[in-house]
Each structure stands twice: as structure tokens, then as C-alpha cells.
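Read off the chains here:
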There are 6 protein chains.
Amino acid sequence: MNAAFWTELPEAVNAIDRASMARVIVISSTGKHFSAGMDLAVFQNMGASYAGEPARRAEKSRRHILQLQNAFNALEDARIPVLAALQGGVIGGAVDMISACDMRYCTQDAFFCIKETEIGMTADVGTLQRLPKLIPEGLVRELAYTGRNMMSEEAKSCGLVNHVYADQKSLLAGVMKIAKTIAGHSPLAVAGCKEMINYTRDHSVNDSLNYMATWQSGMLQMPDVMEAMAATKEKRKPVFENLLPIDSL
Amino acid sequence: MNAAFWTELPEAVNAIDRASMARVIVISSTGKHFSAGMDLAVFQNMGASYAGEPARRAEKSRRHILQLQNAFNALEDARIPVLAALQGGVIGGAVDMISACDMRYCTQDAFFCIKETEIGMTADVGTLQRLPKLIPEGLVRELAYTGRNMMSEEAKSCGLVNHVYADQKSLLAGVMKIAKTIAGHSPLAVAGCKEMINYTRDHSVNDSLNYMATWQSGMLQMPDVMEAMAATKEKRKPVFENLLPIDSL
Amino acid sequence: MNAAFWTELPEAVNAIDRASMARVIVISSTGKHFSAGMDLAVFQNMGASYAGEPARRAEKSRRHILQLQNAFNALEDARIPVLAALQGGVIGGAVDMISACDMRYCTQDAFFCIKETEIGMTADVGTLQRLPKLIPEGLVRELAYTGRNMMSEEAKSCGLVNHVYADQKSLLAGVMKIAKTIAGHSPLAVAGCKEMINYTRDHSVNDSLNYMATWQSGMLQMPDVMEAMAATKEKRKPVFENLLPIDSL
Amino acid sequence: MNAAFWTELPEAVNAIDRASMARVIVISSTGKHFSAGMDLAVFQNMGASYAGEPARRAEKSRRHILQLQNAFNALEDARIPVLAALQGGVIGGAVDMISACDMRYCTQDAFFCIKETEIGMTADVGTLQRLPKLIPEGLVRELAYTGRNMMSEEAKSCGLVNHVYADQKSLLAGVMKIAKTIAGHSPLAVAGCKEMINYTRDHSVNDSLNYMATWQSGMLQMPDVMEAMAATKEKRKPVFENLLPIDSL
Amino acid sequence: MNAAFWTELPEAVNAIDRASMARVIVISSTGKHFSAGMDLAVFQNMGASYAGEPARRAEKSRRHILQLQNAFNALEDARIPVLAALQGGVIGGAVDMISACDMRYCTQDAFFCIKETEIGMTADVGTLQRLPKLIPEGLVRELAYTGRNMMSEEAKSCGLVNHVYADQKSLLAGVMKIAKTIAGHSPLAVAGCKEMINYTRDHSVNDSLNYMATWQSGMLQMPDVMEAMAATKEKRKPVFENLLPIDSL
Amino acid sequence: MNAAFWTELPEAVNAIDRASMARVIVISSTGKHFSAGMDLAVFQNMGASYAGEPARRAEKSRRHILQLQNAFNALEDARIPVLAALQGGVIGGAVDMISACDMRYCTQDAFFCIKETEIGMTADVGTLQRLPKLIPEGLVRELAYTGRNMMSEEAKSCGLVNHVYADQKSLLAGVMKIAKTIAGHSPLAVAGCKEMINYTRDHSVNDSLNYMATWQSGMLQMPDVMEAMAATKEKRKPVFENLLPIDSL
């Protein structure tokens, strides 16, 4: 994750999502490891910028961290699901990133590590905010306080990943199959699910039910339901329109 | 779940609960499957009511969905626990319903399916609001986006059901035994547990502790504790008074 | 948990934490069982104080419960992690206590019981507020409504404990090793993790990300990171300064 | 406010609102005073029901108060605005009621009194929950702690009432004129305003903006805007369709 | 506000409140001005403690500010109302303090000043957290950003103080009269009002109504109501029992 | 407010704020009226884009409104205060805009109008979300439901504007003087005030106090305080450094 990564990732995700270029995004990596996290160069630049009056530097530093966090918020804010296909090491900033994805899948040799603690700092781009909403809190605390590796099987049993595949080839095949299923559904039905699950995480059940009804009042229309029913009757795959592209103002 | 179901279910639950007619409710079903969800006729009526100026229709539609949601809120609002005993398919609206129950138990042949996505709409009567508070979020997303079936063993390992039974006979026997244990306890102690767990789900720990203390200030009295202690000493089952019936205004 | 326990526990935890006397606390117990919970004498005193006009008694009772709850809040409010090493019975008030610890580990013969229901009252010092944020809600409800024992293996698979050890000796060895790893890290990095995980539990992801950035603006400085990097390069253990002691006003 | 009042008020409001029988409700009263609050008979009945085991009575009492509160929630939950036209004494339960109305207007001789404190109890059907969101908190506290009367001019200057009229005749004329203006607007535009202001009171600005956009996505359609523009052009009053009636399930 | 003040104020308030020594507290001051705020010596000590590694110092500083804030939280947490009687300058830390009181009254020569901005820092012991919940936000911003004085009449018209008196003598006479009225009411009714108004400030109306009903279920009993009614009938002042003293654990 | 306005306003505000080019922004307008709100052309374009399948159009419309709202969020998110100097009509979208400013000042001939209701729609870019947090709710409702004009004196007495000036010349002179006072203070002290007041509006007092302490731990340093004290001693104006510019990632 070099300096360019932090602007290019959200730009790419936004571009795909806003133009309705795809119905699902799969993030994968090449090589032995998925990602070793933040490039040290980025970090050293940050160190270099530790100049000037400390209070003003702190104020600037706060804004800088918010910007870095926004790079991963883009994954959550996209209308379409984002799936992560992971092999080998998923380390430091990479854990922050995959915590912001919709679903995670990995190979048997995958492992996860909140590396930041070991290098003397508190992870600050999302791991400690999202992981406790994904897996048992007692385990998050152990991983964060000790910085130990969590192997793929433990990641599966605690709910961090949905499935463990033998190797990267079967991983990609498996994840692409899931992605294809999703892409075959009404993109509005899927986008509604994503919006609701995001919303529910941060709100009470009552608030979330009300939001659901309000959303649905405009977003549920008959065409997609009719198409789904017709397709079932005619024993064919349904064909759903894309979401509309979102123009800039 | 035909049209009558949506009014009869909450009326039945309210009637039992308000009159203190029982100390626990077990919801079970007959036949191969627990429930296939919303009767299509209800759905078609809704389609038929899609008439008139779109904005006013949307406003009405919002109120209509809130009414449907209220049918399942009754399960959560009851003072007494509601247990679901599930066999075969638990599909679409049935998932919304069981998510509002206190505990879920199933047979080995049970499976769960967020069917709505497949028929071109976002589930809107509670699944997306309650399921993410019951099982790992990454799994909820997969189930919602793909509409795939989740088998009983996966439902057990992710925490959706508490126990898997070999068949419906042993399921009912097992669930009734649990229900009997609950019915043998002080109904006020149990109602307090339910209120607190409901409350905690939607509030911070600090708020919930304060609410607990405020509740307990009036609800903890000596008679039940004395009876429990006396029963232990006398090696007999304790006998607790019912909750008082709640009259209409 | 006798009368003195409720003041001595928080005083001891606060004293250690404020004076930076340690970097991690391990709570363990001797004997066959970890703890049978509230001493009945405390309870009987409470019974004895059930005198006077009922409304004023209720007001006093509310304040009393808040004070009892505060004893366990001290575990959560400490800057340093608190680990619980559990054997045999973890019963009643003991479940309230361990729910407020950072992590839990136990022996194979350990079991957990929300005993309060059985003695005719709703547990009121934290179990019902914290347990639903640690393990699946459907299971919490069963444990609370029935008062049944949960064995160590189930406690592991549901996420309540992080690891099950064969016996108390290996338990203590294992937990002390984890504690040692934590104590070897930057105490500020660890304290930051604890504060963030506590905060995230009760706030939205957006609020938590903003809090993270604000915290980090002042708390992330270069010395610890530099020391960590130097130690890695020099293949030695890093040496981090203690947190500063907190004086009374 | 006799026993029948608590069921008849919400039934009447719901009936009008659900059937789209009106676009605005004005609540007024006859006689020297608007209302002296809860009929003592209701209160004495409540006293009479203070029987049985205290904890169960407390549980029942809690449900009873929630029912009484619901009577006034109906004013807030109606899709159409509810205006209160007040003369003379507005006392005890009447303050709870008018706090749940959209707007309040009064005569010069009107006065407001949180009477409950003086009769030895804490007001419990809405005054202490809604008044602090309507007028300065320091004033609410004085009114609640002392039980003193607040005269019409002070009620105007603190924002409780929007306008003070010389006498009841001019009050009714004035309020009916305001009501007529509201009834002349698009009922959907007005209902949207009410929903949003209700929502904003209890949510953050960010949450409220998001809710606004979601609501508007389905509720903003061209017909009403076109009619408003055409009417302006043609120098006539616009004619807007009613909201759709809401059927029972 | 010297160093001792910050521990002595909350100790005094807690002592009075817990022992039920009084039913209302009036805070007043002697001399030309109510208070010039934080003693500079306290501030210089804080400056002196700005030693050591910056991140650890920041962590300590955070805990120190939380302790200072707690001194004023004691005013809010007391069961009994706290009234402030103010003359002359109410400056800096004094504004933080009076914002935590229940009601404020002042002399004509009183003025209020968020002095901290002028001395180069953001006020940090409560002004910016409580004042925006007491007076219009646009005015709070002007006062905070400019540090200008607000005179008594403006303080009255914006709702910060409830009444302006000609001089300190009439101020004290007036405030004591209000205090006497409060002290003559049922202390439980008054404590309930305070708890509810505090709670409502930070919660939604729905949450607050539910809290009210739960509180009232135990706290509303007949004795105080009976005494109030009897006193009215017998044309005498009612006599209410004190709240019960709260013992330490 | 033409099409370009919605992108140019936030870009301008962000540019000034991020580059630390100023310490305060004053928004004023020329001509008889401050602003008549949304240009009808923007509105007609929106009408034109009402094409395609209604549900997808609704989804796009929601995103579009969120974008429009973001234009005004920029005023709130800026580190520096934004003051509005208003003359004549402040209509429709202009009310949404000024509600997002820190403070508002106006001329005697100014008036305010929630015009949207009159043209058949619910205001959707911030008025209904922010105005109820600025002025009494009963008044907001009247303004929103009736669409009537509110004159300058009423705007002053309800707290919407801080001061009414005779004419635009004295308005600008007055507001620039206030702006100058603000610009003379430590920009970090002022930015801290703004962040805290924004935060407090949407959070509980307890949360806000904790946030204050966390912010202050890094942002309070001695240089500004020392400079302020030295300047006082030396009877000169203090000179404070700018905030640091914020670079893009």
C-alpha cells in the first residue's frame, strides 16, 4: 500500500460504482501474500511531516488519518458488494481494508495479523472499528493486544471469512462463482440489502425497520419482481436492468 | 403467511401475553417445511394496490410495510420468551419471523433462505435488521446477496439456532423441555432478562446498566427470592405467581 | 464475593492502573471453582435494608445497584488489559465479572451459569448488558432464561473464552505467556487498542473512526515506533516506557 | 381527562388521519380552562389497582403508563399537523398533551402548570420528555421543580406558544386561518415536513440528512410541483390530491 | 477555582446529597464577581506537568481533564436540584460550572464570558458541551469564537438565566424563596423530575418515555400522593419524608 | 443557486479552509435580496432526469440529493467559522444554506421563507434537519407547514440571527468587526470550539465531554497560551500561527 494506493483505490471503486460498470467487485492479489499493509515509505513521509508546533501538527495529523480512513470507507459506501479473495499474509493495513469489504474468502495458507501493535502504534484506519462488529470481541482484543497471527481455520470458525479454499486457484474460482450469482440478481435488490446491512450495524432495530420501510416505499417497484416471476415460469435466467449511473453535480 | 396471518399472529401473541395465559410460547409448524414465507396472494394484492399518483402510493406503501413489520415486533415485545421449532424450509418471510423470536431450534433437514433477493426485491420485514445482530455479518451478506440455502449445521455453528435435533419429534420434545424449564422459573425474573437483552441490543453498555438498575429498583422484591430459597432448602420445586394481566385502558 | 470484595476489587484495579504498576492484569482464583458469585450474606444485608417507604427504598436500591455495577466497570475502565483465567464453576456474579474483562481463558472442567434466574431474580450487575455483545444472542437468551450450565467447549465455540486448557496449571502458564507478550508491547499502543475496542462497542463505525483519528492525533508519536524499528533491526526486544502515573487532582 | 379520554383521543386522531378525512387537526376546548389534566377518578382507579405482590404490580404499572403515553404519541405519529388552541388553565396532563402537538397558540389569560409535582408525583406521560425539547431547559426545570404557573407572555417569549391572542374568539379565528393555509398546501409536502422534524429531534444531523434523501427519493414526484407552478402562473389556488387512506392489514 | 476547589466542590455536593442533608443546593459567591474561573496557579501546575514523552503526556493530560470535568458532573448527578445565584463576572471555568447547575439566576450587573478562547485555548470542562443544550447555538458560537461578554439582559432573553434581580440581596432572597418552594415538595417527585430532564437531554423521546415508565413503576407509590391530597384538604402544608441516605458499599 | 453554484461553493470553502488562507469566512450577497434559493433551471433539469424505471430513478435521486446536501455540509465541516450576512429575502435553498453556517446576522428588511412547501415539495437540503436545532421547534413547524415569511425581528428574538442591523452597510461593517475579532484569536482554539459545538449537537453530554478531553490531549499545547499571556502582559495584540495546510493524500 504505497502512497498512490490510498487515492487510487477509492477512485477506482467510485468510478466503477458510479458508472454502473459492474454489479460486484472482487479484490484479489498476486504473489505469495495478499498484502503486507502500509508501505513503510508512506509511514516515513508521515514521520517527516512531524514538524512544527505540536498542537497544529496534531490537528493536521487528525485530518490526515481521516483521509486515509476514507480510502476504505469507499468500499463500504459503494452501491455494489465488494468481495475479498485472500491468500498468504493479510497484514496490518490489509486487515483494515478487508474489514471494510462485504465478504471475505481465503486460502488454507492465509493468515491475518494486526501488525501495528508490534511496531509500537495503535492501528488507525479501521481494524479496531470494524473487526469487533465482525468477530467475537474477546478474540479481537487478543489479536490486537498480542499482534499474533490468526490462521485460516480460526478465521473461518470465528466468522471473519466465509469459506476456506485449498489454494488460490480454487479460491478465485469459488469467489467468482459467488460474484456471478450476485451479479445475476436484481442490482437494486442487492444494493438495498447492502444499504440495510450497513445501516443496521450502526442503528437500533426500530430505527432500522423504519429506514427499511422508507427506503422500500420508493425502491420497490414491480418490474424486477415481474421479471423474476416470468423467468421462473419460463425456466430462463431473469434479465435485470443496471442501476442508473450517478453523474457529478 | 396469508393475509389473515399478519393480523392473527400478533393478536394471538398479544392475547396470550397480556392475559398471562402462558409463561413461554413455542412456535412450530406441521408438514415437510416450516414455512415458505409470504403467500403470493398477499404480494399480488400489494401489486394491485400499486395504483394512483406514485408519491402518495409510496407514502401508503411505507405505512403498509411498517404494519407488516409490526406483526413480528409482537414476538419481541411480548413479556414472555418465544421459541421457534423449525423443520425443513424456513424461507423468505419465515426468516424475518424467526429472527424476531428469542431462540431458534431445528431439525437436521432444516434450511434457511433469504428468498426475497431471488424474486427481485429487498427483504423488508425484519431479516436485514435482526439477522446481522444474531450471526456474523459477513455470512448475513452472503446469504442476502446470493439467496442461497443455509443448512442446519451451518445455522448451528454460526449461532442462528441453538441446537439441531435428528427429527421433528425429538425437536419438539427437546424444545418443550427447555420451555418447561423456563416456565418453572419466576416469570418476573425471566421477563426482566428478556427486557434487558432486548434493550442491550440497541443501547450502549452504560445506558443498559443504568436501565437495569432502574428496572430492578421496583421489580426486585423478596417474595420470589424467598420462595426459591425455601424450595431449595425443602428440596421441592418452587412455585411462583404469574405476572399480572394487563388490562386495556 | 463478600461485602469487602465490591470495594476492594475496584480499588485494587484502580491502584495498579493509575500508578502504572503493571501493563496487564490476570485475574485467577484458587480451589476447585473460580467463584460461586455473590456471597449470600451481601444478599441478605440487601434484604435487611428492604425497609421503609417502598418508593424511597426503590430509589436507594437503584443507587446501590449502580454502585455494585461500578465495581466491575473498573475492569473495563482500566488503561491496561484484564485477563481472566477460569477453572471449575463460574457462577452468578462471577459471570457478570468476567464479562467485563478483556479476554477469558478456562480449563476443560470449567462451566458458566447465570444462576440468578434460578434464585428468582434478574441478574443485575452486568451479565445481561455485556454477554450479548460477546456471544450469539440466541444463546445468551437460553442461558439466561433456563439458568443452565454452559461447558468449556461450548464457551470456546461461541467465543466467550479464547482457549480451553487441560488443567489449571497449563491454564496459568498459557495465560501468563499471553500476558507477557502484551506487556512487551508499547503500553500506549495497547491502551489505545483497548480504548478503541471499548468505544466501538457502543458507537457507530463513523463515530468510532473519527474518535480514532482524534485520539491518534496526540497519542501517536515517533519514539515508540522508532524503538520498535530499531529493535527489529538490532534483533533485540524493544524497551518501551511505562504510561505516566495519574495523580489525584 | 377521564378514563374514556385516554382511548377515545388516540382512536379519533388515528381515524381522521388514516382515512385522510382532514389535512390538519385543531384541538380546542370550551369553558374557562383548556383542561385541568387527569381526572382524579382515573388516578384513584390506579390507586385501587395498587394491590398484590409489589414487583408484579410494578411490572403492570410500567405497562399501564406506557399505554397512557401512547395516547399522546398518536398526536405525534399522525401524518397531519395537530394544532392546539389554548385558553385559561393548561394543567398537569394537559401540558403532557400539548407538548405532543405540532404547534401551540393561546389566549392572554392562559397559563401552564406542571401540577404533578405539587401532588407528590413526577409527571409521567410526556411533559418531562418533550418540554425540554421545546423550551429552554433551565426554565423547564424551574417549572417542574416548583410547579408554578407560567403565564401566556412567558410562554410566548420562551417559544412554547407561537402566538398569544386577546381572547378565545380571536384565538380560534387565528388558528383556523393558519390551519387553512396548511390545508391548502400539498398534503404530502406537509407530511414530509412533519416526519422530518419529528425525526431530526431524535437523530443527528447526518442521520437526518440521509433519511431526508431516502424519503424524498420516493416521495418527491412531479405532479404536486407541476400543479403548484401552474397555479402560480394561472393566478389561482393550487388543488392537491389527498394522501391515500391507510387500510388495516 | 484553586487546586483544592476541584476536589472539595464535588465532595461537598456528594456529601450533602448522599446523606440527604438537604433538598436543594444554592451556590452563591461573595464579592463583586461570582468567579473569575480557574486559578492561574492550577493552570501553571498543568503547564509544569507538560514534561516527558509527548504521547504519554497526552494520555495523562486526557485523564486529567476527565477528572476536572467530573468535578462539575457532580452537580448534575446529585439527586437534588442545584441553583446558581450569580453576580458580577461569571468567567471562564465559572461558565463551565454554572452550565452544569439546574437553574441560573443573576443580578443586573452580571456578565458571562467564555474567557478561554482569549487566552489561546478551547474551553474544556463543560461549557462547549452543555451551553449549546441551554441557549441558541448561533449565540453559543459567537460567545465562544469571540470571547465577548454577555450581559444579564441578554442572558435572560436567551434562556441562560431564569430571572434577573436588581442586586445581590434581592437575588439571594428570590433564589432562596424558589429553593424553599422546591424543598417543600416531595423530594422523590423532584428527584424524578431531575433524573428525567437529565436523561431526556441525551436520549430520544421514545427512549425517554420508556425510561420514565420504568422509573415510575417502582418510584410512584401512594404515600406522597396521599399526603399531598390530605394537606390540600386540611389546608396545611404537606410533610414529606426525606430521601434515604445512600451508604457506601 | 444555479447548477455551478452547488459545486463551486463547497470547492471554494474547501480550498480556503484546507490551505489555511483565512481564519474566518463571511458569506454575503449583493442586490435587494440575499438569495431566492434554487435556480428553477436546476430544478427543471432534475425534472428532466425523472426518466426510466421508477425504482432505479429513486435510487439515483437519493444519491443526487445527498450530493446537493454535501454542498452545505462543507460549511459545517470547515475548520474555520462561517458567518452569514443577510439582507432582504432569504428564501428556499438559502434557508438550507444559512442553517449550515456558524452564525447569522441580518438587516432590518430581511425575511426568511421555507418556500419549498408552497411549491409542492418538502425542503430537502438541510432546513428541516438543522433549523430545529437552532430555533424553537414549534416555530419551525409553523414556518415549514405554512411557508410564511419570518421578519428580521422575529428571527432575532427566536435566536436564528444574532443581531439585526439597520442596513446592509452597517451589517457588513458589524459582521466584519466580529470576523476580525475571531481572526485575532488562536485559530486552533477557535477550530476546537467549532469542532466541539458541532459534535455536541449530535451527541450526549457524556460522549461530548470525553471527546473534548481526547481532542484536548493533543491539541492543547503551551505556545498559544504563552503568547496570549505575554501579549496581555506587554499590552499588545497576540500573534498566533496559522493552522497547517492540509495536503491531499
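Residue positions are given per chain, counting from 1 as you read along its sequence in written order. Here the convention is simple: chains get letters from A, ligands get numbers from 1, in the order in which they are written. In keeping with the model being predicted, local features are shown solely for residues with a pLDDT of at least 70 and side-chain atom pairs are shown and tallied solely at 80 or more, while totals for entire chains, interfaces and linings include all residues. Excluded from the side-chain calculations are hydrogens and water; all other atoms, namely the structure's heavy atoms, are used.

### Quick word on the overall build of chain A
Only runs of H or I of at least four residues qualify as helices and only runs of E of at least two qualify as strands under DSSP, and these elements are numbered from the N terminus. When helices and strands are counted, chain A shows 11 helices and 7 strands. Whereas a compact globule of 249 residues would reach a radius of gyration of roughly 18 Å, chain A reaches 20 Å, a difference of no more than 12%. Its C-alpha atoms put chain A at 65 × 45 × 35 Å along the principal axes. We call a residue buried when its accessible area falls under 20% of the maximum for its residue type, exposed when it is over 50%, and partly exposed in between, using a 1.4 Å probe and counting protein chains only. Residues counted as buried form 65% of the 249 residues belonging to chain A. Put simply, chain A shows about 8700 Å² of open surface, and 56% of that area lies on carbon and sulfur atoms. Atoms counted for the radius of gyration: C-alpha only. Globule rule: 2.2 Å times residue count to the power 0.38. Exposure was quantified through the Shrake-Rupley algorithm and a 1.4 Å probe, taking into account, for residues, occlusion by the shown protein chains and nothing else.

### Quick word on the interface of chain F and chain D
Residues count as neighbours in contact if any of their non-hydrogen atoms are within 4.5 Å of one another. Contacts between the two partners involve 41 residues from chain F and, on the opposite side, 43 residues from chain D. Taking both partners together, chain F and chain D bury about 3700 Å²; carbon and sulfur atoms supply 65% of that area. Only one rule defines a salt bridge in this text: a Lys or Arg side-chain nitrogen within 4 Å of an Asp or Glu carboxyl oxygen. Applying the counting criterion to the chain F and chain D interface returns 1 salt bridge. For Arg 141 of chain F, the salt bridge is made with Asp 102 of chain D, and the minimal N-O distance between the two is 2.7 Å. For any pair of parts, buried area is found by adding up, for both, the accessible area (1.4 Å probe) each one loses once the two are put together.

### A few points about the sheet that holds strand E4 (residues 103-107) of chain A
Residues and elements named next belong to chain A. One open sheet accounts for 4 strands, arranged E1-E2-E4-E7; its pairing is parallel. Looking at the sheet topology across the chains shown, the edges are occupied by strand E1 (25-27) and strand E7 (163-165). Geometrically, the sheet is characterised by an average inter-axis angle of 25° between neighbouring strands, direction not taken into account. Of the strand pairs in this sheet, strand E2 (residues 82-86) and E4 are connected by 4 bridges, and their pairing is parallel. Looking at the pairing, Ala 84 lines up with Arg 104 of E4. Any two strands between which DSSP finds at least two bridges are classified as paired. Axis geometry follows a simple rule: fit a line to the C-alpha atoms, using only the stretch in contact for helices, then measure angles between N-to-C directions, giving values from 0 to 180 degrees.

### Side note on the environment of Ile 98 of chain E
Residues and elements named next belong to chain E. When you line up the elements, Ile 98 lands in helix H4 (residues 93-99). The class of Ile 98 is buried, set by a relative accessible area of 0%. As for Ile 98 and Gly 126, which are separated by 28 residues in sequence, their C-alpha atoms are 9.5 Å apart. What Ile 98 contacts, discounting residues up to four positions off in sequence, is Phe 34, Ala 84, Leu 86, Val 90, Arg 104 and Phe 112.

### Structural notes on the pattern of salt bridges
In the structure shown here, the tally under the stated rule is 108 salt bridges over all chains. A salt bridge links Lys 115 of chain B to Glu 118 of chain B; the nearest nitrogen and oxygen atoms lie 3.0 Å apart. Residue Arg 141 of chain E is joined to Glu 137 of chain E by a salt bridge in which the shortest nitrogen-to-oxygen separation is 2.8 Å. Here Arg 141 of chain E and its partner Glu 137 of chain E are both found in helix H6 (residues 137-146), 4 residues apart, which amounts to about one turn of the helix. Each of the two residues, Arg 141 of chain E as well as Glu 137 of chain E, counts as buried. Among the charged side chains, a salt-bridge network with shared partners connects Asp 17 and Arg 79 of chain A together with Glu 59 and Arg 63 of chain F.

### With respect to the relation of the copies chain B and chain D
Overlaying chain B on chain D yields an RMSD of 0.0 Å, the required transformation being a rotation through 180° with an accompanying axial translation of 0.0 Å. Here the two chains are linked by the operation of a two-fold rotation axis. Mapped onto chain D, 100% of the interface residues of chain B are again interface residues, and the two copies thus contact each other with one and the same surface. The copies were overlaid by least squares, fitting only the C-alpha atoms of residues that reach a pLDDT of 70 or more in each copy.

### Some thoughts on the domain arrangement of chain A
Residues and elements named next belong to chain A. On domain assignment, one finds that chain A holds domain 1 (5-183) and domain 2 (187-233). Relative placement of domain 1 and domain 2: their C-alpha centres are 27 Å apart. Residue-level contacts link 12 residues of domain 1 with 7 residues of domain 2. The junction of domain 1 with domain 2 conceals about 700 Å² of combined surface from both sides, 52% of it contributed by carbon and sulfur atoms. Linking domain 1 with domain 2 are 2 salt bridges, by the criterion used here. The partner of Asp 102 in a salt bridge is Lys 194, with the nearest N and O atoms 2.9 Å apart. Nitrogen and oxygen atoms within 3.5 Å of one another constitute a polar contact, given that in protein one can donate a hydrogen and the other can accept it, and given that sequence-neighbouring residues count only through two side-chain atoms. On the surface where domain 1 and domain 2 come into contact, there are 6 residue pairs in polar contact (both at pLDDT 80 or more). Looking at the side of domain 1 that touches domain 2, its residues break down into 6 nonpolar, no polar and 6 charged. In this entry, domain limits derive from an automatic or database-based domain assignment. We call Asp, Glu, Lys and Arg charged. Ala, Val, Leu, Ile, Met, Phe, Trp, Tyr, Cys and Pro are nonpolar, and the rest, Gly among them, are polar.

### Overview of the packing of aromatic side chains
Stacked, edge-to-face and tilted are the three classes for Phe, Tyr and Trp ring pairs, Trp counted by its six-membered ring, which pair at centre distances within 6.5 Å; planes under 30 degrees apart are stacked, over 60 edge-to-face, the rest tilted. This model, assessed by the stated rule, comprises 24 aromatic pairs over all chains. Relative to Phe 72 of chain B, the ring of Phe 5 of chain B has its centre 6.3 Å away and its plane inclined at 65°; by these criteria the two rings are edge-to-face. Taken together, the residues span a long stretch of sequence, with Phe 5 of chain B in helix H1 (residues 5-18) and Phe 72 of chain B in helix H3 (residues 54-77) at a distance of 67 residues. Look at Phe 5 of chain B and you get buried, because its relative accessible area is 19%. Relative accessible area serves as the criterion here: at 0%, Phe 72 of chain B is assigned to the buried category. The interplanar angle of 90° and the centroid separation of 5.4 Å between the aromatic rings of Phe 5 of chain C and Trp 6 of chain C together place this pair among those described as edge-to-face.

### Some points on the interface of chain B and chain D
Counting residues at the interface gives 39 residues for chain B, matched by 39 residues for chain D. Note on chain B versus chain D: buried area summed over both sides is about 3400 Å², and carbon and sulfur give 60% of it. Sorting the residues of chain B by area buried against chain D places Arg 56, Glu 59 and Leu 249 of chain B first, and these three jointly supply 25% of that buried surface. Applying the counting criterion to the chain B and chain D interface returns 8 salt bridges. Between Glu 59 of chain D and Arg 79 of chain B there is a salt bridge, with its nearest N and O atoms 2.7 Å apart. There are 16 residue pairs in polar contact (both at pLDDT 80 or more) connecting chain B and chain D. Of all elements in the fold, only H1, H3, helix H9 (187-201), helix H10 (205-219) and helix H11 (222-233) of chain B reach the threshold of two or more residues within the side of chain B that touches chain D. Residue contributions to the side of chain B that touches chain D peak at 13 residues, all from H3 of chain B.

### Points about the relation of the copies chain F and chain D
The transform that puts chain F on chain D rotates by 120° and translates by 0.0 Å along the axis, for an RMSD of 0.0 Å. On the angle and the small slide along the axis, the relation comes out as a three-fold axis. Mapped onto chain D, only 5% of the interface residues of chain F again fall at the interface, so the copies present different surfaces.

### Some points on the arrangement of the chains
With respect to C-alpha atoms, chain A approaches chain E no nearer than 9 Å, and the pair has no contact. Without any contact between them, chain B and chain F keep their closest C-alpha atoms 9 Å apart.

### Thoughts on the side chain of Asp 207 of chain F
Positionally, Asp 207 of chain F belongs in helix H10 (residues 205-219). Despite its burial, Asp 207 of chain F remains without a salt bridge, the nearest opposite charge being carried by Lys 133 of chain E at 9.5 Å. For Asp 207 of chain F, the residues in contact, after removing those within four places along its chain, are Tyr 199 and His 203 of chain C together with Tyr 199 of chain F. The positive count covers Lys and Arg only, the negative count covers Asp and Glu only, and His and the chain ends enter neither.

### Side note on the sheet that holds strand E7 (residues 163-165) of chain E
Residues and elements named next belong to chain E. Taking strand neighbours across the sheet as the criterion, the 4 strands line up as E1-E2-E4-E7 in an open arrangement whose pairing is parallel. At either margin of the open sheet sits one strand with a lone partner, and together these are strand E1 (25-27) and E7. Each adjacent strand pair in this sheet contributes to an overall mean axis angle of 25°, direction not counted. Bridge count for E1 against strand E2 (residues 82-86) is 3 bridges, and the pairing is parallel. Bridge pairing links Ile 25 to Val 82 in E2.

### Quick notes on the packing of H10 of chain B against helix H10 (residues 205-219) of chain E
Contact geometry for H10 of chain B and H10 of chain E: axes closest at 7 Å, N-to-C directions at 30°. Relative to H10 of chain E, H10 of chain B is oriented roughly parallel. In the packing of H10 of chain B onto H10 of chain E, the handedness of the crossing is left-handed. Two secondary-structure elements touch here, H10 of chain B through Asn 210, Tyr 211, Thr 214, Trp 215, Ser 217, Gly 218 and Met 219 of chain B and H10 of chain E through Asn 210, Tyr 211, Thr 214, Trp 215, Ser 217, Gly 218 and Met 219 of chain E. Throughout, the term roughly parallel applies to angles under 35 degrees, roughly antiparallel to angles over 145, roughly perpendicular to angles from 65 to 115, and oblique to all others. Each crossing is labelled by how the near helix is turned from the far one, with a counterclockwise turn of less than a right angle marking it left-handed and a clockwise turn marking it right-handed.

### Quick word on the pairing of strand E4 (residues 103-107) of chain E
Within a regular strand, side chains alternate between the sheet's two faces. Residue and element names in this part refer to chain E. Within E4, 5 of the 5 residues are buried, which leaves it mostly tucked inside the rest of the structure. Judged by which residues are buried, E4 turns out to be covered on both faces: Met 103, Tyr 105 and Thr 107 on one side and Arg 104 and Cys 106 on the other are all buried. Alignment of E4 against E7, held across 3 bridges, turns out to be parallel. When the sheet's bridge partners are listed, Cys 106 is paired in E7 with Val 164.

### With respect to the pairing of strand E2 (residues 82-86) of chain C
Across the 5 residues of E2 of chain C, 5 count as buried, placing the element largely inside the fold. Judged by which residues are buried, E2 of chain C turns out to be covered on both faces: Val 82, Ala 84 and Leu 86 of chain C on one side and Leu 83 and Ala 85 of chain C on the other are all buried.

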